[in-house]
Amino acid sequence: MKLLSTIAVLLAIVSCTGKAATQVHDGGKATAAYTLEDDIGEMLLVGFRGVAVDSTDHIWRDLTHFRVGSVILFDYDAAMGRRGRNITDRQQVQNLCRQLRSIRPDLLIGIDQEGGRVSRLHPRYGFPAVGTPQASAAVGDDSVRSCARITASMLHDVGIDLNFAPVADVDVNPDCPVIGKLERSFSASPERVTDCCRIWIEEQDKKGVASCMKHFPGHGSATGDTHKGLVDVSKTWQKKELQPYRELVKTVPMVMTAHVINRQLDPDGLPASLSPRITAYLRDTLGFQGVIVTDDMAMGAIVNEYSFETALRMAIEAGADLLCLSNNGGTYNSELVPQAVRTIKRMVADGTVSAERIHASAERVRALKAEVRNSR
């Protein structure tokens, strides 16, 4: 896939030329091209309220002053318990994306558009219906490709260039409340899941939409819901759940880590999103070189167990490149981004996290953005 191959080339160029990547000063003051604040902003994927944006909205401040590099759109506002958070119809979404990019032209705009139950761009807003991953896979490759093609075109047309799909979870447990029961998995066969994910990645790539496989290292065997609290898959997880990643890591530009505990891969029992061992497995054993994004840090598995500062620190130390701060959990916080930036800057200042570590993630995100812009 051209997105990931270009990311590798761009990172290699940065490494060889020594620009920015080797010029982070002690204490994180600046690089040849980027400040620490620039780099921190690139690591933030944030959600916000509003179907339009102007200079009075905090997201305007977050994009300009705090240099946030990526946003995620939702139709449903969890804290308010109603729809219409960012999406009301096609023209509105297109206008919103244009407004956001007028503030920051290189902004990544992401969404969860899997088809079926997880469709933020829903027919209720005038968008075409796309079947569930399970249903399309059961019909055949042509059906999967059609769903992927419709989705990619839909996203491209409104200006969204990052889709948190395809779902690479293997349907080990059909009763899993957030995967199997919602028909989000393509199949119980890892080979079939791999084939379907490959088709989705290909079709989205054609439209300049970056794909994100999820939820590493596998959520399909879970018996619980990480939105509500910790979920341990140590006894139910099977190694075959890694197969889609093993075969597709060189073709997909982004992978999302789950909040599941998997002691088969991390005996310490940390959620995968906060686990250096599980990230190392993805990087070193499977060879993934793209962007690693956490699942939503507002989910119960994180907020019920860790303070905001601890969760950010552990995710960064684990090797996450993008921190998903949806601001779409039980409460809404207009100061979430300033709080996150201050927290990360403090970690760098006291030596908890190095500026080099922050910069490495920022460079991966910039490389992905460069290719996405070239594909528009």
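Each remark here, short or long, concerns the structure printed above.
Predicted, not measured: the structure shown is a model, and the values here were computed from it.

Rules used throughout
Residues numbered from 1 in each chain as written. Predicted model: local features only at pLDDT ≥ 70, side-chain atom pairs only at ≥ 80, totals over all residues. Heavy atoms only, no water. Buried < 20%, exposed > 50% of the residue type's maximum accessible area, 1.4 Å probe, protein only. Helix = DSSP H or I, 4+ residues; strand = E, 2+ residues; numbered from the N terminus. Pairing = 2+ DSSP bridges. Right-handed = clockwise from strand over helix to strand, strands pointing away. Contact = heavy atoms within 4.5 Å. Axes fitted to C-alpha atoms, helices over the stretch in contact; angles between N-to-C directions. Salt bridge = Lys/Arg side-chain N within 4 Å of Asp/Glu carboxyl O.

Asks: Would you take a moment to explain the pairing of strand β11 (residues 291–294) for this structure?
Replies: Within a regular beta strand, the side chains point alternately toward one face of the sheet and then the other, so they alternate between its two faces. Burial of β11 is two-sided: the residues V291 and V293 facing one way and the residues I292 and T294 facing the other way are all buried. As judged from the four bridges shared by strand β10 (residues 254–257) and β11, these two strands associate in the parallel manner. In the strand pairing of β11, T257 is matched with T294. Note on the crossover from β10 through helix α9 (residues 276–285) to β11: the handedness is right-handed.

Asks: What is the right way to read the pairing of strand β5 (residues 108–111) from this model?
Replies: Burial along β5 is two-sided: L108 and G110 and I109 and I111, pointing in opposite directions, are all buried. Relative to β5, strand β2 (residues 70–72) is paired through three bridges, and the arrangement is parallel. Within the sheet, the bridge partner assigned to S70 lies in β5 and is L108. Where β5 and strand β8 (residues 162–163) come together, two bridges link them in parallel fashion. By the bridge assignment, G110 is partnered in β8 with L162.

Asks: What should I look at first to understand the sheet that holds strand β1 (residues 44–46) in this one?
Replies: To summarise the sheet geometry, strands pair through backbone hydrogen bonds and adopt either a parallel or an antiparallel arrangement. Pairing in this open sheet of eight strands is parallel, and the strands run β11-β10-β9-β8-β5-β2-β1-β12 from one edge to the other. The sheet is open, and its two edges are formed by β11 and β12 (323–325), each paired on a single side. Those strands touched by helix α12 (residues 336–349) are β1 and β12, and its axis lies near 165° from that of β1.

Asks: Just checking my understanding: could you explain the pattern of salt bridges for this structure?
Replies: Where side chains of opposite charge bring their charged atoms close, a pairing between them can arise. All chains considered together, the criterion is met by 33 salt bridges. Of the charged contacts in the structure, one is a salt bridge between D77 and R85, with a shortest N-O distance of 3.6 Å. The two residues D77 and R85 agree in class, both being buried. Linking D232 and R263 is a salt bridge whose minimum nitrogen-to-oxygen distance equals 2.4 Å. Here D232, found in the loop between β9 (210–216) and α8 (243–248), pairs with R263, found in the loop between β10 and α9; they are 31 residues apart in sequence, far enough to count as distant. What makes D232 partly exposed here is its relative accessible area of 37%. Each of D39, E42, R104, D106, E363, R366 and K369 takes part in one network of salt bridges that share partners.

Asks: Got a minute to help me understand unusual backbone geometry in this structure?
Replies: Note: most residues except glycine have negative phi, and most peptide bonds are trans. Here the residue pair A165 and P166 is connected by a cis peptide bond, since its omega of 15° sits within 30 degrees of zero. A cis amide bond links K214 with the next residue in sequence, H215, at an omega value of 5°. Examined against the element boundaries, H215 turns out to sit in strand β9. In this model, R67 sits at a positive phi of 60°, which is unusual for a non-glycine residue. Structurally, R67 is set in the loop between α3 (58–64) and β2. Positive phi is not limited to glycine here, since E183 has a value of about 55°. Note that E183 resides in the loop between β8 and α7 (190–206).

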